[in-house]
Amino acid sequence: MSVDVRDTIKIEKNGDGITWLYLNRPEKRNAMNPTMHLEMVQALDELEVDDETEILVLTGSGSAFCAGQDLKEFFREQDGKPKERLKVGRASQEWRLRKLKSFPKITIAMVNGWCCGGGFTPLVACDFAIAAEEAQFSLSEVNWGILPGGLVTKVIADSVRYRDALYYILTAENFDGKRAKEIGLVNFTAPLDKLRDDTVAFAQRLLQKNPVVLRAAKEAYRAVRTMDYEQAEDYLSAKSDELKLRDPERGREKGMHEFLDTKAYRPALAPYPR
Ligand code: ACO
């Protein structure tokens, strides 16, 4: 096991392909300050080409997943400093949205506690989200005089049912993990004391699948969402050809051979043995 502790984040690896990336300011409920944004950009750059990292789990230390932007260090202390604001603002969007959305390995947000404001952006950018039933979600922005900015309103519009999205944006009412599942924000929930085990079990299922295929499938899904049918048809055809060339396992041939010739398995029931 290796643990890499930096100023505001922590990276843990156990030799099983799953890397745990912690927002690590538990005393500040993992509020995102400028240092955290810069460290996260660098960490994701490193992990996307790290051979030990097959699946990335983003979570928080202590009682929070992420209490949003740091109201003191990210907002108040940057007011009136346009150059600094530009730099940390860019870093903030870079890791929370672009880097996570285009991360080449599977990403899972494991919401262990409070998730507020700007914390929704990395949650939605991850491929999967798993929440503790006891976790608390809060789009608190209107409570203190702002709207859900950055990209929070956009990611909520992308991930939550229409009526529920407006309800929580406008009321700033808290909701728990079970409600997050009902409105489509997370894939599933677990009691807090089983959250890590259930997340590992889910990650292990994904580890059995061909990672090059998973990458192509998620890239394709994200890309076609904004295309019309003709564009999507063309794109998916080209992407499928690209995948055939890029896959070192030759999964398509292998899968077909094992189903049609050796009759070793059923693709609708399980992945081919790797
Ligand atoms: N920014 C800066 N500091 C924060 C933040 C934050 N977003 N959230 C928590 N902290 C700090 C507190 O100031 C406190 O610091 P201190 O010990 O130096 O006084 C420490 O973290 C612990 O916070 P408490 O409020 O004592 O913790 P508690 O567990 O009782 O409450 C809760 C947690 C509900 C999350 C509360 O801290 C809170 O409401 N935080 C603000 C959440 C929020 O509205 N975030 C959205 C920000 S806007 C945006 O992201 C766009």
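You'll find the structure just up there.
This report concerns the structure included in the present document. (Residues numbered from 1 in each chain as written. Predicted model: local features only at pLDDT ≥ 70, side-chain atom pairs only at ≥ 80, totals over all residues. Heavy atoms only, no water.)

## Re the environment of Ile130
- One can find Ile130 in strand S8 (residues 128-132).
- Ile130 sits in the buried class, given a relative accessible area of 0%.
- Separated by 56 residues in the primary sequence, Ile130 and Val186 have C-alpha atoms spaced 5.7 Å apart.
- Apart from the residues lying within four places of it in its own chain, the contact partners of Ile130 are Ile108, Ala109, Met110, Val111, Phe188, Leu195, Thr199 and Phe202. (Helix = DSSP H or I, 4+ residues; strand = E, 2+ residues; numbered from the N terminus. Buried < 20%, exposed > 50% of the residue type's maximum accessible area, 1.4 Å probe, protein only. Contact = heavy atoms within 4.5 Å.)

## Overview of the pattern of salt bridges
- Counted under the stated rule, the structure contains 22 salt bridges.
- Taken together, the salt bridges that share partners define one network made up of Arg215, Glu219, Lys239, Glu242 and Arg246. (Salt bridge = Lys/Arg side-chain N within 4 Å of Asp/Glu carboxyl O.)

## Points about a nonpolar patch on the surface
- Among the surface-exposed residues, Met1, Val3 and Val5 lie close enough to one another that they form a single nonpolar patch of about 330 Å² accessible area.
- Inspection of the secondary structure puts Val3 in strand S1 (residues 2-5).
- By relative accessible area, which is 44% here, Val3 ends up partly exposed. (Patch = residues over 30% accessible without salt bridge, like charges linked within 9 Å, V, L, I, M, F, W, Y side chains within 5 Å. Areas by Shrake-Rupley, 256 points an atom, 1.4 Å probe, with all protein chains shown as cover.)

## Thoughts on the sheet that holds strand S7 (residues 114-116)
- One open sheet accounts for four strands, arranged S5-S7-S9-S10; its pairing is mixed. The two strands at the open ends of the sheet, each matched to only one other strand, are strand S5 (64-66) and strand S10 (175-176).
- In the sheet, S7 pairs with strand S9 (residues 136-138) via two bridges, with the strands oriented parallel. Across the sheet, the residue bridging to Cys115 is Phe137, located in S9. (Pairing = 2+ DSSP bridges.)

## Points about empty space enclosed by the protein
- The tally for this structure, following the rule as stated, stands at one cavity of 30 Å³ or more.
- For the largest cavity, the calculated volume is near 30 Å³.
- Considering the residues around the largest cavity, the lining is formed by Phe120, Leu139, Ile156, Val160, Asp164, Ala165, Tyr168, Phe175, Ile183 and Leu185.
- Residue contributions to the lining of the largest cavity peak at three residues, all from helix H6 (residues 162-171).
- Class assignment of the residues belonging to the lining of the largest cavity gives a composition of nine nonpolar, no polar and one charged. (1 Å grid on protein atoms, 1.4 Å probe; cavity = no way out; pocket = protein on both sides within 12 Å on 5 of 7 lines; lining within 4 Å. Points joined across faces, edges and corners; volume = space filled by probe spheres on them. Nonpolar A, V, L, I, M, F, W, Y, C, P; charged D, E, K, R; others polar.)

## Describing the site of the ligand
- Around the ligand, a shell composed of 16 residues is seen, among which Lys28, Ala67, Gln69, Gly118 and Ser140 lie nearest.
- Between an oxygen atom of the ligand and a main-chain N or O atom of Gln69, the distance comes to 2.8 Å.
- Ser140 is positioned with one of its side-chain polar atoms (N or O) 2.5 Å from an oxygen atom of the ligand.
- When the ligand is considered free in solution it has 920 Å² of accessible area, and contact with the protein chains removes 61% of it.
- Partitioned by chemical class, the residues of the shell around the ligand number six nonpolar, five polar and five charged. (Near = heavy atom within 4 Å. Polar contact = N/O pair within 3.5 Å; in protein donor to acceptor, adjacent residues only side chain to side chain.)

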